[in-house]
Amino acid sequence: MNFPVSMSESPLVVLVDGSSYLFRAFHALPPLTNSQGQPTGVTYGVINMLRRLERDYPDAHIAVVFDAKGPTFRHESFADYKANRPPMPPDLAVQIGPTQELVRALGLPLLVIDGVEADDVIGTLARRAASRGEQVLISTAGRSWWMAGCGWSTP
């Protein structure tokens, strides 16, 4: 589904929450594997979602942002931040590297900032692009953006 953007001359910047795409693909697809038995469903799902964005927004500047491994600045401020969240499933974790390699192979900029969650990086980039007059679309499966109310995101 193509999210409506204005027909102005300003460029469209699409910021993809790669981490949310990982979880969306993991939970939406059956457990796919390659001939060696390695899980591949997440990589397949994420790449298909990105290719769809490229088809829907052929002139857009698309960047993909992933969470960095390890604690963030929020963990320093609040020791129990995400303390009740279960660990990442191993079949998902082993697909992060190959998925990121394929994102790069597609020629898309990929950002992973140590100590900062993808949401925070995306928010910063979105505000900067908007301040330059660029249109911004945040593509995410994460529910935290629904609460932002900025009008830039779509599930």
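J.: Could you give me a rundown of helix α6 (residues 118–131), with the residues and numbers involved?
T.: A rise of 1.5 Å per residue sets the reference length of α6, with its 14 residues, at 20 Å; its end C-alpha atoms lie 20 Å apart and thus fit the reference within 8%. Every buried residue of α6 is accounted for by Ala-118, Asp-120, Val-121, Ile-122, Gly-123, Ala-126 and Ala-129. Looking one or two places after α6, you find Gly-133, whose phi comes out positive at around 85°.

J.: Please provide a residue-by-residue account of the packing of helix α2 (residues 41–56) against helix α5 (residues 96–105), values included.
T.: Between α2 and α5, the least distance of the axes is 9 Å, while the angle of their chain directions is 25°. Here α2 lies roughly parallel to α5, going by the angle between them. In the packing of α2 onto α5, the handedness of the crossing is right-handed. Along its contact with α2, which presents Val-42, Thr-43, Val-46, Ile-47 and Leu-50, the element α5 presents Pro-98, Thr-99, Leu-102 and Val-103. Taken together, the residues that form the contact of α2 with α5 break down as 7 nonpolar, 2 polar and no charged.

J.: Account for the pairing of strand β2 (residues 61–66), naming residues and giving values.
T.: The element β2 is extensively covered by neighbouring structure, given that 5 of its 6 residues are classed as buried. Pairing geometry for strand β1 (residues 12–17) and β2, over 5 bridges, is parallel. Residue pairing for β2: Val-16 is matched across the bridge by Val-64. Where β2 lies against strand β3 (residues 110–112), 3 bridges are found, and the strand directions are parallel. Across the sheet, the residue bridging to Val-64 is Leu-110, located in β3.

J.: Any details on the nonpolar core? Residues and values, ideally.
T.: In terms of nonpolar packing, the biggest core is built from 22 residues, with Val-14, Val-16, Val-46, Leu-50 and Leu-53 touching the most fellow members. Mapped by element, the contributors of at least two residues to this core are β1, α1 (18–28), α2 and β2. The element contributing the most residues to this core is α2, with 6 residues. Those residues in contact with Val-46, other than ones at most four positions away along the chain, are Tyr-21, Leu-22, Ala-25 and Thr-99. Counting residues in each nonpolar core, the second largest holds 11 residues, with Leu-15, Val-121, Ile-122 and Ala-126 among its members.

J.: Pulling in residues and values, what's your account of the packing of α1 against α2?
T.: Orientation of α1 relative to α2, taken along the N-to-C sense of each, is 120°, at an axis distance of 8 Å. When the axes of α1 and α2 are compared, the pair comes out oblique. In the packing of α1 onto α2, the handedness of the crossing is right-handed. Two secondary-structure elements touch here, α1 through Tyr-21, Leu-22, Arg-24, Ala-25 and Phe-26 and α2 through Gly-41, Val-42, Gly-45, Val-46, Met-49, Leu-50 and Leu-53. Split into classes, the residues belonging to the contact of α1 with α2 amount to 9 nonpolar, 2 polar and 1 charged.

The rules behind these values
- Residues numbered from 1 in each chain as written.
- Predicted model: local features only at pLDDT ≥ 70, side-chain atom pairs only at ≥ 80, totals over all residues.
- Heavy atoms only, no water.
- Helix = DSSP H or I, 4+ residues; strand = E, 2+ residues; numbered from the N terminus.
- Expected span 1.5 Å × (residues − 1).
- Buried < 20%, exposed > 50% of the residue type's maximum accessible area, 1.4 Å probe, protein only.
- Axes fitted to C-alpha atoms, helices over the stretch in contact; angles between N-to-C directions.
- Parallel < 35°, antiparallel > 145°, perpendicular 65-115°, else oblique.
- Left-handed = near helix turned anticlockwise from the far one by under 90°.
- Contact = heavy atoms within 4.5 Å.
- Nonpolar A, V, L, I, M, F, W, Y, C, P; charged D, E, K, R; others polar.
- Pairing = 2+ DSSP bridges.
- Core = buried A, V, L, I, M, F, W, Y, C linked by side-chain atoms within 4.5 Å.

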